[in-house]
Amino acid sequence: MTEYMDRSLTQNIWTQIGKIRQPDKLLSFLVTIWSRFWMKFAGLGYFGRFATWLATWFIPPYYERRRLAQYNSKGYIAPSATVYHSQLKLGANVFISDRVLIFEDRNSGSVQLGDRVRLHQDICIQTGNGGSLQIGENTSVQPRCQFSAYKSAIQIGSNVLIAPNCAFYPYDHAIAPDLPIAKQPLQTKGGIAIEDDVWLGFGVIVLDGVRIGKGAVIGAGAVVTQDIPEGAIALGVPARVVKLRSSLAESNLVPSPSN
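The structure contained in this document is the topic of the report that follows. (Residues numbered from 1 in each chain as written. Predicted model: local features only at pLDDT ≥ 70, side-chain atom pairs only at ≥ 80, totals over all residues. Heavy atoms only, no water.)

**As for the overall build of the protein**
A count of helical and extended segments in the protein gives 4 helices and 24 strands. Of all 259 residues assigned to the protein, the portion counted as buried reaches 43%. For the protein, contacts bridging at least 24 residues in sequence account for 24% of all contacts bridging at least 6. Looking at the protein as shown, the accessible area adds up to about 14500 Å², and 56% of this sits on carbon and sulfur atoms. (Helix = DSSP H or I, 4+ residues; strand = E, 2+ residues; numbered from the N terminus. Buried < 20%, exposed > 50% of the residue type's maximum accessible area, 1.4 Å probe, protein only. Contact = heavy atoms within 4.5 Å. Areas by Shrake-Rupley, 256 points an atom, 1.4 Å probe, with all protein chains shown as cover.)

Laid out in structure tokens, this is it:
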């Protein structure tokens, strides 16, 4: 049975090669075979990281490498990513791009990334003092975002879109007048919760004690200091609700022609 399957796979490969006429298509096919082969061994271990590096040899950076995560249920973790976290839990086909940092400080909680989560370049994730991070499936985080999960949890739902340069802080420093700021204890109002299908624009900052409801949209540069209801559009510093997404649908309704 095994011999039959190997022979069938070999015949299928040669059938695909036979269909290729142009040199650039042949090169693309060979690159795919190379990447798929090495991604079979990808993982967090030393050999897994080395295999991932080999898989990237002929693949352009940034978005082009996201498809490598599809070749192995362990996902793609860039060779330049730094993972220092004993409680990291990865779903299937996760994509972790170049120079992402996942750091575990003292008394840390877990970092959980759901299936097909995508973390792009230069993202910093740090947890400590009981803080934790959970990101739901199919959520995409663009470059240079900061997740500083101390004292409480950051919970992000599924199918969330997070633009570059966003920041999340589920804690604050006390500001009593009798101590220097650097020595003030951390305090929290209960963390951050972002529900499914939310879109955060460029440079959004989400502060402690905030819940952003399902399907909400937060405009670029907003600072979210209070809860945002489901389906709302919020802008400004501090962020204020300006309308509901449902009103956009209503305004675009076209009256049906009269009989």
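**Looking at the packing of aromatic side chains**
As enumerated under the stated definition, the model contains 16 aromatic pairs in all. With 4.6 Å between their ring centres and 0° between their planes, phenylalanine 147 and phenylalanine 168 make a pair best called stacked. Placement of phenylalanine 147 in strand S11 (residues 146–150) and of phenylalanine 168 in strand S14 (residues 167–168) is noted, with a sequence separation of 21 residues between them. The exposure class of phenylalanine 147 is buried, given its relative accessible area of 0%. Taken together, the ring pairs in this structure connect Trp34, Phe37, Trp38, Phe41, Phe47, Phe50, Trp53, Trp57 and Phe58 into an aromatic cluster. If you follow arginine 66 out to its NZ or CZ, it ends over the ring of tyrosine 63, 4.1 Å from the centre. (Phe/Tyr/Trp six-rings, centres within 6.5 Å; stacked < 30°, edge-to-face > 60°. Lys NZ or Arg CZ within 6 Å of the ring centre and 35° of its normal.)

**Considering the sheet that holds strand S17 (residues 192–194)**
The parallel open sheet is built from 6 strands, whose spatial order is S3-S6-S9-S12-S17-S20. In this open sheet, the two edge strands, each paired with only one partner strand, are strand S3 (88–90) and strand S20 (211–212). (Pairing = 2+ DSSP bridges.)

**A short note on the pattern of salt bridges**
Where charged atoms from two side chains of opposite charge approach closely, those side chains can pair. Enumeration according to the criterion identifies 4 salt bridges in this entry. Across the pair aspartate 122 and arginine 99 runs a salt bridge whose closest N-O atoms are separated by 2.8 Å. Here aspartate 122, found in the loop between strand S7 (118–119) and strand S8 (124–128), pairs with arginine 99, found in the loop between strand S4 (95–96) and strand S5 (101–104); they are 23 residues apart in sequence, far enough to count as distant. Across the salt bridge formed by aspartate 197 and arginine 245, the nearest N and O atoms sit 3.9 Å from each other. (Salt bridge = Lys/Arg side-chain N within 4 Å of Asp/Glu carboxyl O.)

**What to know about the sheet that holds S8**
An order of S2-S5-S8-S11-S14-S19-S22 is seen for the 7 strands of this open sheet, with the pairing classed as parallel. What marks the edges here is a single partner per strand, and that holds for strand S2 (82–84) and strand S22 (223–224). One ladder, built from 4 bridges, connects S5 with S8; its direction is parallel. Opposite leucine 101, over in S8, you have cysteine 124 as the bridge partner.

**Section: the nonpolar core**
Soluble globular proteins tend to pack their nonpolar side chains together in the buried interior. Counting 55 residues, the largest nonpolar core has Leu119, Phe147, Ile162, Phe168, Leu200 and Ile212 as the members making the most contacts within it. The residues contacting leucine 119, other than those within four sequence positions of it, are Phe95, Ile96, Ser97, Val100, Leu113, Ile125, Ile135 and Val141. (Core = buried A, V, L, I, M, F, W, Y, C linked by side-chain atoms within 4.5 Å.)

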